[in-house]
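A structural walkthrough
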Number of protein chains: 2
Amino acid sequence: MKQVAERAGVHVSTVSRALNPETRSMVVPESVARVMKAAEELGYRLDPVAASLRTGRSKLVGILVPDIATNVFTPILTGATERLSEHGYSVIVAYVGGDSNKQLDLAQGLIARRVDGLIVATASRDDPLVTFCIERGVPSVLVNRAEKETRLSGVVSDDLLGAQLAVDHLVELGHSRIAHLGGPREHSTGYLRHRGFIHALAANGLDAASAPTEFAETYTREQGAAAARRLLSAHPGITAIVAANDLLALGAYDVIREAGLNCPRDISIVGHNDMPLVDMVEPPLTTIRISHKEMGRQAADLLEQAIETLDRPARNVVLPPKLIVRGSTGAPRKGAGRKSAKAGGTNRAASVSNEV
Amino acid sequence: MKQVAERAGVHVSTVSRALNPETRSMVVPESVARVMKAAEELGYRLDPVAASLRTGRSKLVGILVPDIATNVFTPILTGATERLSEHGYSVIVAYVGGDSNKQLDLAQGLIARRVDGLIVATASRDDPLVTFCIERGVPSVLVNRAEKETRLSGVVSDDLLGAQLAVDHLVELGHSRIAHLGGPREHSTGYLRHRGFIHALAANGLDAASAPTEFAETYTREQGAAAARRLLSAHPGITAIVAANDLLALGAYDVIREAGLNCPRDISIVGHNDMPLVDMVEPPLTTIRISHKEMGRQAADLLEQAIETLDRPARNVVLPPKLIVRGSTGAPRKGAGRKSAKAGGTNRAASVSNEV
DNA sequence: CTGAAAGCGCTAACAT
DNA sequence: ATGTTAGCGCTTTCAG
């Protein structure tokens, strides 16, 4: 930097100001030009490490993703990274497991590296990590999963609505014995999709209280299969399953196949996420589409805002999901629909709150 | 740090030495203990930014992945990140597009952040980025894709062998009119899998020179479909396709379906990668399995070695792929096999060099 | 084995 | 609008 200053015939501090977009306006354009030229000629670039040491800022953002990198977190990551890098940020990824202490440690480490903010894709409905972020005063946003209470801004899909869309679709097809293949309830996705399922059932005049339901412990095909097995053995009469997630739905496929049943003839299935390739499985999966990449982008936006103006009130961005009808849903098999639903209803439970 | 020094009754430099595992041996154990205790009590942690400014090292590794994040790069990323974080490294991901100048810029930026090394998952067979890394003296390794010449260490799958496995399998089933649905030839994967295809054909006594071949421009389902369409219209007589990648194979599925044909009855297909869910598509895809996560891990190992001892000679780790037989391959339809192959052959072309 | 002191490269008061 | 100066928090010679 000293060399550049010499070559441009100015002081180092002028070089610093000229090279930094934020302070460039303090320098007369002519000097800026000379500095730029000198820097160019010497192949000089500002040292972000030194700058970071001095300013405490780093143009670095940490992102915490579950280590069981399912397909949904990849587009979130790319969406966020893309958007962030447009604004000069780099992204440090940390894959975190379930251990809460390790999570705090990792966050700690990122903070030590002076990240300007954190994107948390791992939040449970009441997460110590969030408490930690708030206490430490690190600008942070949630993505995909929200907390019970909105302590931090975040971007999520309207999971309640998504599940309702699924139920409404099934009811329209004539189903009334609809079961739920739920996700982990400590995550907002599992919790809300279950609630959406219940409410939609009620709104359609079906018995929500006794609706067959089993929860998978994790969002995996294996756990989905295990839960689906429990569901089918306890309630052989069901004609449709609303799954909290595509992977769970595919687990149900495995079970249905192994039971010698046919989807959708014997049982219809709706997934959630519309992850890549579920249009190619057999039968093509009817599911709820969520734009995870867009979630990532918006989380990036939210984080940048949080970084720029601290203590900005927490705000939840809720993205609308969309029903994608494919081959895994159809009319119930004859003689199956013993419980009768109220006449063909898209009676969405409009008043259900979206509180996590 | 000064506070810790005071509290422990030693000088800051002693604190520094005590806290850093590499220099801890210079300090008498008793002092170390006192320092540790004081640090603990104050909740003090070393500042990596300041350390980085001083030492030039950062415990940060950059990884360059293609921005069209297909499924294969996610496990590479997680594998590498896991292994690296075990050794105290954090990972900065950069999603890079095709523009070579932008790639250099991104690498430049990572270097400015003082990354200790770079993992490059984007290399073409002769990549200016590699030249750049070498010139700048940044420890770097390649992963998944290698260069024509081994200028840098790397981890790849044995792509030549993979393609041969695919052809041998098809020949064993009785196919002789086998086509290749190739990948981009500027990448080692596309190039080598094509060569493996050719050599295996020859080794099995089939006419390699005139084997129907079409190349997709990118590894996408769409480009796969386009190339498969060209293949089928130019060579309606083929009974099997060896695809350079699962996505391409799925593109071929689309085309076969739209042509009213059936896989595997009319045409058998073999993919490459064994990415998630291809066992669930219809028909389940026969493919070549590669452990991308393991590739990521080994790339991490190689990079750590390169960081520890500079100017270590470049070394290629070649992982063995494995044929996974599923439902997309079967015997050719009757009357299709007009060309005759040499008797039932697993005549692998053992002597084919693996040079990229 | 430990203390002293210099300085990594930059930025932000403050002064002019 | 620009120059001066004092560190950011650490590591690492060099002395002792």
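Residues numbered from 1 in each chain as written. Chains lettered and ligands numbered in written order. Predicted model: local features only at pLDDT ≥ 70, side-chain atom pairs only at ≥ 80, totals over all residues. Heavy atoms only, no water.

Here we come to the packing of aromatic side chains. Both the distance between ring centres and the angle between the ring planes are used here to describe each pair of aromatic rings. Per the stated rule, a full pass over the model turns up zero aromatic pairs over all chains. Across from the ring centre of Tyr191 of chain A, 3.5 Å away, lies the NZ or CZ of Arg125 of chain A, which sits over that ring. Between Lys59 of chain B and the ring centre of Tyr89 of chain B, over which it is positioned, the NZ or CZ distance is 4.2 Å. (Phe/Tyr/Trp six-rings, centres within 6.5 Å; stacked < 30°, edge-to-face > 60°. Lys NZ or Arg CZ within 6 Å of the ring centre and 35° of its normal.)

Residue Cys263 of chain A is joined to Pro264 of chain A through a cis peptide bond whose omega torsion reads 10°. Structurally, Pro264 of chain A can be placed in the loop between α11 (246–258) and β9 (268–270). Note that the residue after Glu282 of chain B, namely Pro283 of chain B, is joined by a cis bond; omega there is -5°. Among the structural elements, Pro283 of chain B can be located in the loop between β9 (268–270) and β10 (287–289). (Helix = DSSP H or I, 4+ residues; strand = E, 2+ residues; numbered from the N terminus.)

What follows concerns the protein's contact with DNA strand C. With respect to spatial proximity, 24 residues lie near DNA strand C, and among them Ser16, Tyr44 and Arg54 of chain A together with Thr14 and Arg54 of chain B are the closest. Sugar and phosphate atoms constitute 63% of the interface atoms of DNA strand C, taking the interface as everything within 4 Å of the protein. Within the side chain of Tyr44 of chain A, one N or O atom sits 2.4 Å away from a phosphate oxygen of DNA strand C. Asp47 of chain A is positioned such that a nitrogen or oxygen atom in its backbone is 3.0 Å from a phosphate oxygen of DNA strand C. Of all elements in the fold, only α2 (12–19) and α4 (48–55) of chain A together with α2 (12–19) and α4 (48–55) of chain B reach the threshold of two or more residues within the surface near DNA strand C. Broken down by element, the residue count for the surface near DNA strand C peaks at four residues, all from α4 of chain A. (Near = heavy atom within 4 Å. Polar contact = N/O pair within 3.5 Å; in protein donor to acceptor, adjacent residues only side chain to side chain.)

Okay, the sheet that holds strand β8 (residues 240–243) of chain B next. All names here are of chain B. Here we have four strands laid out as an open sheet, ordered β7-β6-β8-β9, and parallel in their pairing. The open sheet is flanked by β7 (213–215) and β9, the only strands paired with a single partner. Pairwise comparison of adjacent strand axes, ignoring direction, gives a mean angle of 15° for this sheet. Across three bridges, strand β6 (residues 178–182) lies against β7 in parallel orientation. Looking across to β7, one finds that His180 is bridged to Thr213. The strands touched by helix α9 (residues 188–203) within the sheet are β6, β7 and β8, with β6 carrying the most contacts at an inclination of about 170°. (Pairing = 2+ DSSP bridges. Axes fitted to C-alpha atoms, helices over the stretch in contact; angles between N-to-C directions. Contact = heavy atoms within 4.5 Å.)

Listed per partner, the contact involves 38 residues of chain A and 38 residues of chain B. Buried area between chain A and chain B, summed over both chains or domains, comes out near 3500 Å², and the portion from carbon and sulfur atoms is 62%. It is Arg113, Leu277 and Met280 of chain A that lose the most area in chain A upon contact with chain B, and together they represent 21% of the buried surface on that side. Our count for the contact surface shared by chain A and chain B stands at four salt bridges. Between Asp47 of chain A and Arg114 of chain B there is a salt bridge, with the nearest N and O atoms lying 2.3 Å from each other. The interface formed by chain A and chain B contains 15 residue pairs in polar contact (both at pLDDT 80 or more). Those elements that place two or more of their residues in the side of chain A that touches chain B are α4, α5 (73–86), β2 (90–96), α6 (100–112) and α11 of chain A. Here the residues of the side of chain A that touches chain B sort into 19 nonpolar, nine polar and ten charged. Of the pairings in the sheet, the one linking β2 of chain A to strand β2 (residues 90–96) of chain B comprises three bridges and is antiparallel in character. What sits directly across from Ile92 of chain A, in β2 of chain B, is Ile92 of chain B. (Buried area = accessible area lost by both parts, 1.4 Å probe. Salt bridge = Lys/Arg side-chain N within 4 Å of Asp/Glu carboxyl O. Nonpolar A, V, L, I, M, F, W, Y, C, P; charged D, E, K, R; others polar.)

Note that Thr78 of chain B resides in helix α5 (residues 73–86). Polar side-chain contacts of Thr78 of chain B include one of 3.0 Å to the backbone oxygen of Pro75 of chain B.

So, on to the UniProt feature "domain: HTH lacI-type" (unreviewed entry) in chain A. Taking the UniProt record as the reference, the feature "domain: HTH lacI-type" (unreviewed entry) is found at residues 1–55 of chain A. Helix makes up 67% of residues 1–55 of chain A and strand makes up 0%, while its end C-alpha atoms are separated by 17 Å. (UniProt positions renumbered as here; feature names shortened; annotations may be inferred.)

Moving on: the relation of the copies chain A and chain B. Here the second copy of the chain follows from the first by a rotation about an axis and a shift along it. Screw-axis analysis of chain A against chain B gives a translation of 0.1 Å along the axis, an RMSD of 0.1 Å, and a rotation angle of 180°. What we have between these two chains is a two-fold relation. Residue Val281 of chain A of chain A places its C-alpha closer to the rotation axis than any other residue of that unit, at 1.9 Å. Mapped onto chain B, 97% of the interface residues of chain A are again interface residues, and the two copies thus contact each other with one and the same surface. (Least-squares fit on C-alpha atoms with pLDDT ≥ 70 in both.)

The subject of this paragraph is the sheet that holds β9 of chain A. Residues and elements named next belong to chain A. Strand order across the open sheet formed by four strands is β7-β6-β8-β9, with parallel pairing between neighbours. The outermost strands of the open sheet, each flanked by one partner alone, are β7 (213–215) and β9. The sheet shows a mean angle of 15° between the axes of neighbouring strands, direction not considered. As judged from the three bridges shared by strand β8 (residues 240–243) and β9, these two strands associate in the parallel manner. In the sheet register, Ile241 faces β9, and the bridge partner there is Ile269.

As far as domains go, chain A holds domain 1 (1–46), domain 2 (55–157 + 293–321) and domain 3 (159–290). Distance from the C-alpha centre of domain 1 of chain A to the C-alpha centre of domain 2 of chain A: 35 Å. (Domains from an automatic or database assignment.)

This paragraph deals with the packing of helix α10 (residues 221–234) of chain B against helix α11 (residues 246–258) of chain B. Residues and elements named next belong to chain B. Two elements in contact, α10 and α11, have axes whose closest approach is 7 Å; the angle formed by their N-to-C orientations is 55°. The pairing of α10 with α11 is recorded here as oblique in orientation. Crossing of α10 over α11 shows right-handed handedness. Every residue of α11 that contacts α10 at Arg221, Gly224, Ala225, Ala228, Arg229 and Leu232 is listed here: Leu247, Leu248, Leu250, Gly251, Ala252, Asp254, Val255, Ile256 and Glu258. (Parallel < 35°, antiparallel > 145°, perpendicular 65-115°, else oblique. Left-handed = near helix turned anticlockwise from the far one by under 90°.)

Residue and element names in this part refer to chain A. At a minimum axis separation of 9 Å, α2 and helix α3 (residues 29–42) run at an interaxial angle of 95°. By the angle between their directions, the pair α2 and α3 is classed as roughly perpendicular. Packed against α2, whose contacting residues are Val15, Ala18 and Leu19, the element α3 presents Val32, Val35 and Met36 at the interface. The residue makeup of the contact of α2 with α3, split by class, is six nonpolar, no polar and no charged.

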